[in-house]
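Overview (structure and organization)
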Amino acid sequence: EQIPDKVLKLNRLPRIEAWSIAKKDKDIMAFIESQWQKRINGDFQYIMGVPIYLTGLNWFYLNYYNMDIGLPKFRYPNTKVFYCWKFCVEDNDKVYGLNELARRRDGKSYRMGAMMLEYISRNANSYGGIQSKSDADATDFFSRSIVHAWRKLPFYFLPIADKSQL
């Protein structure tokens, strides 16, 4: 997504101040509304001349989820994982998760971190948990995959939170 300069400038301000300025500008509010629509409903994008549907979570991952190297690049195998998550887990009341088998260094941790961050940053009073082989490993994952990306969210996706623990 191309973020307008006016919106990028607001990201440098405290959240409350940015919102008060944004609410007075129809163009900024229209942009923010379009971003929320894509985050919730997904979006069709032309990728190498082919129209591809990105689920809302996949769109969020590609446009707003900052990894240790910045924003992720589009990879069709990742998109298939996000399709599976959307249509087999999110849209199915009887399914509570997904086991993903893949080789090492495939990006599973960041995809799962994005899934957790997107959900907990969109839904009030929601929680996300991590289970790992050790407390230190879980803490490292949480810092790398959740906290780092949380801090990079723009003001219009950043929920009101007690930041004393972040």
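Described below are features of the structure shown in this document. (Residues numbered from 1 in each chain as written. Predicted model: local features only at pLDDT ≥ 70, side-chain atom pairs only at ≥ 80, totals over all residues. Heavy atoms only, no water.)

**Details of the overall build of the chain**
Scanning the chain from terminus to terminus reveals seven helices and two strands. Each helix and strand of the chain, ordered N terminal to C terminal, gives the series α-α-α-β-β-α-α-α-α. Relative to the 2.2 N^0.38 estimate, which gives 15 Å for 166 residues, the radius of gyration of the chain is 17 Å and therefore close to what a compact globule would have. Seen along its three principal axes, the alpha-carbon backbone of the chain occupies a region of about 45 × 45 × 35 Å. When burial is assessed residue by residue, the chain has 39% of its 166 residues classed as buried. (Helix = DSSP H or I, 4+ residues; strand = E, 2+ residues; numbered from the N terminus. Rg over C-alpha atoms; globule rule 2.2 N^0.38 Å. Buried < 20%, exposed > 50% of the residue type's maximum accessible area, 1.4 Å probe, protein only.)

**Topic: the pairing of strand β1 (residues 43-47)**
Judged from the five bridges that link them, β1 and strand β2 (residues 50-54) form a sheet pairing that is antiparallel. Along β2, the bridge assignment pairs F44 with Y53. The antiparallel hairpin formed by β1 and β2 contains two residues in its connecting segment, where M48 sits at a positive phi of about 55°. (Pairing = 2+ DSSP bridges.)

**Some remarks on the packing of helix α3 (residues 26-41) against helix α4 (residues 56-64)**
Relative orientation of the contacting elements α3 and α4 amounts to 125°, with a least axis distance of 5 Å. Taken as axis vectors, α3 and α4 run oblique relative to one another. For the pair formed by α3 and α4, the contact residues are F31, Q35, K38, R39 and N41 on the first element and G56, L57, W59, F60 and Y64 on the second. Of the residues that constitute the contact of α3 with α4, the class distribution is five nonpolar, three polar and two charged. (Axes fitted to C-alpha atoms, helices over the stretch in contact; angles between N-to-C directions. Parallel < 35°, antiparallel > 145°, perpendicular 65-115°, else oblique. Contact = heavy atoms within 4.5 Å. Nonpolar A, V, L, I, M, F, W, Y, C, P; charged D, E, K, R; others polar.)

**Concerning the pattern of salt bridges**
Close approach of charged atoms lets side chains of opposite charge pair. Enumeration according to the criterion identifies nine salt bridges in this entry. Here D43 ties to K38 by a salt bridge, and the two come within 4.0 Å at their closest N and O atoms. Taking the relative accessible area as the measure of exposure, D43 reaches 19% and is therefore buried. Between K133 and D137 there is a salt bridge, with its nearest N and O atoms 3.0 Å apart. The exposure class of K133 is exposed, given its relative accessible area of 74%. A single salt-bridge network, built from bridges that share partners, covers E1, K38 and D43. (Salt bridge = Lys/Arg side-chain N within 4 Å of Asp/Glu carboxyl O.)

**So, the nonpolar core**
In this structure, I32, Y65, L117, F155 and Y156 are the most contacted members of the largest nonpolar core, which totals 37 residues. At the level of elements, α1 (5-10), α2 (15-22), α3, β2, α4, α5 (76-90), α6 (108-122) and α7 (135-151) are the ones that each hand at least two residues to this core. When residues no more than four places from it in sequence are discounted, the contact partners of Y156 are I3, V7, W19, F31, I32, Q35, W36 and Y64. (Core = buried A, V, L, I, M, F, W, Y, C linked by side-chain atoms within 4.5 Å.)

**Re the environment of G70**
Examined against the element boundaries, G70 turns out to sit in the loop between α4 and α5. Its relative accessible area of 19% is what places G70 among the buried residues. Here the alpha-carbon distance between G70 and A149, two residues 79 residues apart in the chain, equals 9.4 Å.

**Things to note about α2**
Buried within α2 are the following residues: A18, W19 and A22. Taken down its axis, α2 places every buried residue within 100° of arc, on the same side. Contact partners of the buried residues in α2: α1 and α3. (Arc of directions from axis to C-beta.)

**As for the packing of aromatic side chains**
For the structure on display, the rule yields 15 aromatic pairs. A centroid spacing of 6.0 Å and a plane angle of 90° characterise the contact between F31 and Y156, whose relative ring orientation is edge-to-face. Taken together, the residues span a long stretch of sequence, with F31 in helix α3 and Y156 in the segment after α7 at a distance of 125 residues. Residues F31 and Y156 agree in their burial class; the two are buried. With a centroid separation of 5.1 Å and an interplanar angle of 50°, the aromatic rings of Y61 and F82 are classed as tilted. Residue Y61 is found in helix α4, and its partner F82 is found in helix α5; the two are separated by 21 residues along the sequence. (Phe/Tyr/Trp six-rings, centres within 6.5 Å; stacked < 30°, edge-to-face > 60°.)

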